[in-house]
Amino acid sequence: MKHEKLIILFFTLLLSFFTQTLYPVTETALITNSEWICTDNSWISTKFLEHNNIKFDILQEEEIFSNLSLSVKLDETLSVVEGNLTVDYYNNDPITFDHIPFHLYPSGMLYEDRQGNIDILKVVTTGSATNLFYKVLSDQQLMWVNLTSPLEPDQSVSFRITFRTTLPDGQDRANSQGFDSNQSRVYSCTAFYPIPCVYDEYDGWNIDGYLKIGDPFHFDMAYYDLVIEIPNGMIVAATGELLNSSSDGTTTKYHYNPHYPVREMVFSASRYFQVESKVVNGVNISCYYLPHSNWLWEKDTLDAAVNSFILFNSSFGSYPYSTFNVVEAYGFYGGMEYPCQVQISESIVDQHPEDYEFYQELIVTHETAHQWWCQLVGNDQIDWGHLDEGLTCWSTDFYFDFYYPDWHYFDNYWPLDIVRTYYDTFSQPSKINQSIYDFLGTNMSYRYTAYTKAPLIIQKLRLTIGSKDFMTGLRHFFEEYRFKIATFPDLQKSFEKVIGKSLNWFFCPWFDNPYLPKYSITNVDYNHEQGSITVIVEDINEEKNAYPFAQQLHLQVKDTRQLEVLYRERVWINGTTTLDFELTKNSDAGVVLLVYESDVLVQLSSIEDTVLVYSIYSSNKANLVRLVELTVLLLAVCAILVFTVWIMRKRRNLR
Ligand SMILES: [Zn+2]
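Residues numbered from 1 in each chain as written. Predicted model: local features only at pLDDT ≥ 70, side-chain atom pairs only at ≥ 80, totals over all residues.

**A look at the sheet that holds strand S10 (residues 186-189)**
- If you trace the four strands from one edge of the open sheet to the other, you get S9-S10-S18-S15, paired in antiparallel fashion. On the outer flanks of this sheet lie strand S9 (175-177) and strand S15 (235-238), each paired with one strand and no other. Ignoring which end each strand starts from, the neighbouring axes of this sheet average 10 degrees apart.
- When S9 meets S10, the two strands line up antiparallel, connected through three bridges. Of the residues in S10, the one forming a bridge with Ser176 is Tyr187. (Pairing = 2+ DSSP bridges. Helix = DSSP H or I, 4+ residues; strand = E, 2+ residues; numbered from the N terminus. Axes fitted to C-alpha atoms, helices over the stretch in contact; angles between N-to-C directions.)

See below:
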């Protein structure tokens, strides 16, 4: 009997092998289709722009800020800026400080021969000029100033820092670059003085050094005043309104003040700047560019700045300052945002030789949008860099969507195809909601998640909750957090206040899951006589993610020849989902299709794979054939078993 059991086990395994190998569980296939497109832009009209250009009360009464007063002199020959920063620091945090850290960023910036640096010459109290002890940590681009007595909450302390800054000669954010011989020399003075660090409940003091990826800047708002002494003949673009200027014959002193709090003061200077200006909504918008860039800038750049400014000012909330400058600079980046001023790199033409005009417009628009997302509404760009970059990239597409009738958000710059195929192309997960440090040392791309994937998710939110609630939520976010520092959950809360419901179901999976959903139709039960049909849609990536995805997909049932649509419905797919619905009795249902319209985010191996197809016909036919074949196989196996047992018994009897 021992042999008999082994023989039965052998045949059972053989049978199992045949059925598993020859008849896989599902029969899904992908076909190409790109005819389904949806847009949701019709509610935005020029009337909207006209009616929404209303200034709100800019500052709430109870808000108190620090006062910082900068007085500096530019040495054109040495590329040095030296002067004083008078700090009247207001403690708006609920703890007592013994010392205050300041960023000294230039030494962390790229350079060729001349490294950037801020030398601290002295720190003294403003009243009695008592020296304060300070410690410079060069490798961290940081200085700690020790206070003479503890600074209690809601109290202020005043001191003056005397410093000397050498501008680096690289292509980083602060630099002096170009030559007088060809009228190309520019001094870009950004993050060029000691800037107080931010204290918050999440990190304590945010003392992060200059980082290789992302924007390292994270500053509190403060009232600022800036006096720049500069050789005669130089043209200055600076944060704030020019209040007055005076010359002693050799140098000129320019006095700037932005009137409302800003996060930083910056200026650029050149003997060769050409200036174009236009007053829009009471704001003087100016472009500063070099003679060799006339051909690119004089054509459309001021228009791009003006048009994007008008759209964002009307759509998100009023810009409170009286000036906004777009300034040509040298940089490895396309553009960079600062308060009331942005820099646009002259490297755009080299980086995009085929379509530099489009990129010039795109980058001007992007940096303009940062005035709302990053400058007015601040955020920790290290912990939540995707917050301002995501909103800014989305705003840039919003601009193109608005001004260009033939623009489609999935075209060209819009990254739908990139996002859908990103994992299959690069084999990299892409969780958006991570700090810069989470990206350092991993194979994940901060640039992709913050600049490409995040704006697409924001657009998906717009399509999901509708443009009207979406824009109301954005305006609410702006009004609540302007002059403050917002966190990523604050953005979610702003939309939740508008729609009156939790949006965890949207924000958690789309921003925190590392993988997009990948769908498969794993089973279809179709009762031809009754017309009832049950479809199981499975998210293959569900196990790899922390949260199930929920989104609407277009489901269709077509006849066996795929000529007639028997059923068409937008259905919610919440993770792995079973769908039951009714067709007309005795209809000729042949295939079930899941159609990925442009609002559907899904992992694909090819951008062409926008329809998932399950064949009921071949499935039913196959099931029938399978049943017959299995029956034959089983009968054969049984016959062999009986025969084998019969032989063995006969042999035993013979013994
Ligand atoms: Zn940006």
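What follows continues from the structure just given.
**Considerations on unusual backbone geometry**
- Even without being a glycine, Ala129 presents a positive backbone phi close to 55 degrees.
- Take Ala129: it is sitting in the loop between strand S5 (117-125) and strand S6 (134-137).
- Even without being glycine, Gln183 reaches a positive phi, approximately 55 degrees.
- With respect to the helices, strands and loops of the structure, Gln183 is situated in the loop between S9 and S10.

**A short note on the pairing of strand S31 (residues 589-595)**
- Within S31, six of the seven residues are buried, leaving the element largely enclosed by the surrounding structure.
- Note that strand S28 (residues 550-559) and S31 share six bridges and pair antiparallel. By the bridge assignment for S31, Lys558 is matched with Val591.
- As paired strands, S31 and strand S32 (residues 611-615) are joined by five bridges and run antiparallel to one another. Within S32, the position partnered with Leu594 by the bridge is Leu612. (Buried ≥ 20, exposed ≤ 12 C-beta atoms within 10 Å, placed from the backbone.)

**Regarding the confidence of the model for the protein**
- With 87% of its residues at a pLDDT of 70 or more, the protein shows a mean pLDDT of 87.
- Per-residue pLDDT stays below 50 along residues 1-56; that stretch engages in 64 contacts with residues further than four places along the chain or on separate chains. (pLDDT = per-residue confidence, 0-100. Contact = placed C-beta atoms within 7 Å.)

**What to know about helix H10 (residues 467-481)**
- For H10, which comprises 15 residues, the first-to-last C-alpha distance of 21 Å matches the rise-based estimate of 21 Å (1.5 Å per residue) to within 8%.
- For H10, the set of buried residues is Phe470, Gly473, Leu474, Phe477 and Phe478. Mapping the buried residues of H10 onto a view down its axis gives an arc of 135 degrees, with all of them on the same face. (Expected span 1.5 Å × (residues − 1). Arc of directions from axis to C-beta.)

**Observations concerning the sheet that holds S6**
- Strand order in the open sheet formed by four strands is S6-S7-S4-S11, and the pairing between neighbours is antiparallel. Strands with a single pairing partner mark the edges of an open sheet, and in this sheet they are S6 and strand S11 (195-196).
- Note: strand S4 (residues 97-103) against S11, two bridges, orientation antiparallel. The partner of Phe102 across the bridge, within S11, is Pro196.

**Overview of the nonpolar core**
- If you look at the biggest cluster of nonpolar residues, it comprises 153 residues, and the most contacted ones within it are Ile228, Ala305, Val592 and Leu594.
- The greatest single-element share of this core, amounting to eight residues, is contributed by helix H3 (residues 294-315). (Core = buried A, V, L, I, M, F, W, Y, C linked by C-beta atoms within 7 Å.)

**Focus: helix H6 (residues 385-403)**
- With 19 residues, H6 should cover 27 Å at 1.5 Å per step; its first-to-last C-alpha distance of 27 Å lies within 8% of that length.
- Within H6, 16 of the 19 residues are buried, leaving the element largely enclosed by the surrounding structure.

**Some words on the environment of Lys484**
- Tracing the backbone shows Lys484 in the loop between H10 and strand S25 (485-486).
- Expressed as a C-alpha distance, the spacing of Lys484 and Gly378, which sit 106 residues apart in the sequence, is 5.9 Å.

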